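# What the coordinates show
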Amino acid sequence: MSSLTTFEIHEPLDMHLHLRDGDMLKLVAPLTSETFSGALIMPNLVPPITTKEALLSYKQRIKDACKDDIFDAYVTLFFQSDYSYEFLEDIKDDIIAIKLYPAGITTNSETGASSMDVEVLRPTLSSMSKLGIPLCIHGETNGFVMDREKEFMPIYESIAKAFPELKIIMEHITTKDAIDLLDKYDNLHASVTLQHLLITLDDVAGGMLQPHLFCKPIAKRPEDRSALLNAALKAHPKLMFGSDSAPHPKHKKECCGCAAGVFTSPIALQVLVELFEKHNCLDNLNDFVSLTAQKVYELTPKKKTIKFIKKDFLVPAIYEYKNENVVPMYANETLAWSIEKS
Ligand code: DOR
Ligand code: ZN
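In this report, the structure presented in the accompanying data block is examined. (Residues numbered from 1 in each chain as written. Chains lettered and ligands numbered in written order. Predicted model: local features only at pLDDT ≥ 70, side-chain atom pairs only at ≥ 80, totals over all residues. Heavy atoms only, no water.)

Pairing between the strands of a sheet comes from backbone hydrogen bonds, and it takes one of two forms, parallel or antiparallel. A sheet is described by the order of its strands in space; here 8 strands give the open sequence E2-E3-E4-E5-E6-E7-E8-E9, paired in parallel fashion. The sheet is open, and its two borders are formed by strand E2 (13-17) and strand E9 (239-241), each paired with just one other strand. With strand direction ignored, the average angle separating the axes of adjacent strands in the sheet is 25°. Alignment of strand E6 (residues 135-137) against strand E7 (residues 168-170), held across 3 bridges, turns out to be parallel. By the bridge assignment, Ile-137 is partnered in E7 with Met-170. Across the face of the sheet, helix H2 (residues 52-65) comes into contact with strand E3 (38-41) and strand E4 (72-78) while running at roughly 150° to E4. (Pairing = 2+ DSSP bridges. Helix = DSSP H or I, 4+ residues; strand = E, 2+ residues; numbered from the N terminus. Axes fitted to C-alpha atoms, helices over the stretch in contact; angles between N-to-C directions. Contact = heavy atoms within 4.5 Å.)

Given below as structure tokens:
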């Protein structure tokens with residue numbers, strides 16, 4: 001362990017974030033915008049973001065919720081296989097990417113793609129490729145839960161091969177198979193969450209069931225976690241941080257039929273500093289949480305330096321606003337690093 005007592009991160013970016021809407025948006029957006037310079041926002045609202053009108057008004061609601069924070073919300077559109085070229089050309093400058101969900105694979109994805117056949121997806125993908133719009137994918141099949149991501153690898157390959165100019169981001173990867181695939185195709189990139197660098201299925205279900213660690217894709221085996229962690233620690237040039245912080249109210253987590261999603265926004269950076277410090281890799285952290293994403297998405301984020309001090313941070317038991325609430329990962333636990341308020 002290093003003897004560092006302070007540390008800085010510049011322009012941190014969260015390249016996979018769920019902000020929801022209404023009071024939940026007002027509760028969680030500032031918990032990202034106060035510490036990140038920007039975030040890629042997922043479109044799985046009810047109904048999902050599929051029109052320019054819905055997109056622009058959501059962007060405005062996010063902006064309002066972030067108040068005066070120095071922060072950019074990079075919003076995505078919900079994939080549909082029949083978007084016209086003209087529609088995409090018109091909306092291109094207002095979005096960072098389009099997110100493809102296989103139908104029913106996770107929260108609010110019922111109207112996602114009903115087939116992952118390249119020929120079915122071709123109309124939209126070919127326009128995206130021509131227009132330079134990146135494609136983010138939730139890569140899971142409907143198979144056995146531990147194999148869903150592995151089974152999706154041939155689908156990633158078929159899309160990567162059919163559209164070599166299309167930038168594809170494998171979202172929230174959880175397996176060694178996905179890390180290995182990164183090296184096979186120039187146009188494949190990936191994001192990884194905080195929890196998948198830290199936990200395995202054992203932490204979710206090996207003892208008492210831990211609803212606040214349940215997410216999709218589910219955490220996998222120790223060897224998968226090692227492959228993900230090693231790639232992150234060495235700042236793999238195609239692997240970006242994307243928290244997939246996914247808030248659900250407490251009563252939807254601590255119940256029968258727990259919703260999938262881990263809420264990590266308020267603790268993500270502090271825990272990453274602790275993790276990279278533990279492995280003597282702090283020099284690579286800024287690449288993982290900012291520079292790689294800047295290159296992949298060709299972004300110039302707003303200037304923002306976050307200062308950390310080695311001082312205990314007791315994670316709140318719950319965050320609340322009006323009738324909304326959410327329990328963070330590591331609730332009631334103490335972290336080694338705090339963010340210095342400016
Ligand atoms: O655990 C998850 N929660 N995985 C997803 O893919 C979606 C997310 C959510 O929106 O709640
Ligand atoms: Zn997500």
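Moving on, we come to the packing of helix H11 (residues 268-278) against helix H12 (residues 285-297). Look at H11 against H12: their axes get within 9 Å of each other, and the N-to-C directions meet at 140°. Considering their axes alone, H11 and H12 lie oblique with respect to each other. Side by side, H11 and H12 meet where Leu-269, Leu-272, Val-273 and Phe-276 of the first sit next to Leu-285, Phe-288 and Val-289 of the second. (Parallel < 35°, antiparallel > 145°, perpendicular 65-115°, else oblique.)

A word on the site of ligand 1. The full set close to ligand 1 counts 14 residues, and Arg-20, Asn-44, Lys-216, His-248 and Ala-260 are the nearest of them. The contact in question runs from an oxygen atom of ligand 1 to an N or O atom on the side chain of Arg-20, over 2.7 Å. His-248 is positioned such that a nitrogen or oxygen atom in its side chain is 2.8 Å from an oxygen atom of ligand 1. Of the residues in the shell around ligand 1, the class split is 3 nonpolar, 8 polar and 3 charged. (Near = heavy atom within 4 Å. Polar contact = N/O pair within 3.5 Å; in protein donor to acceptor, adjacent residues only side chain to side chain. Nonpolar A, V, L, I, M, F, W, Y, C, P; charged D, E, K, R; others polar.)

For the structure shown, the criterion picks out 7 aromatic pairs. Judged by centre distance (4.8 Å) and plane angle (70°), the ring pair of Phe-152 and Tyr-156 falls under edge-to-face. Taken together, the residues Phe-152 and Tyr-156, both in helix H5 (residues 148-162) and 4 residues apart, mark about one turn of the helix. Residues Phe-152 and Tyr-156 agree in their burial class; the two are buried. In this structure an aromatic cluster arises from ring pairing among Phe-36, Phe-241, Phe-276 and Phe-288. (Phe/Tyr/Trp six-rings, centres within 6.5 Å; stacked < 30°, edge-to-face > 60°. Buried < 20%, exposed > 50% of the residue type's maximum accessible area, 1.4 Å probe, protein only.)

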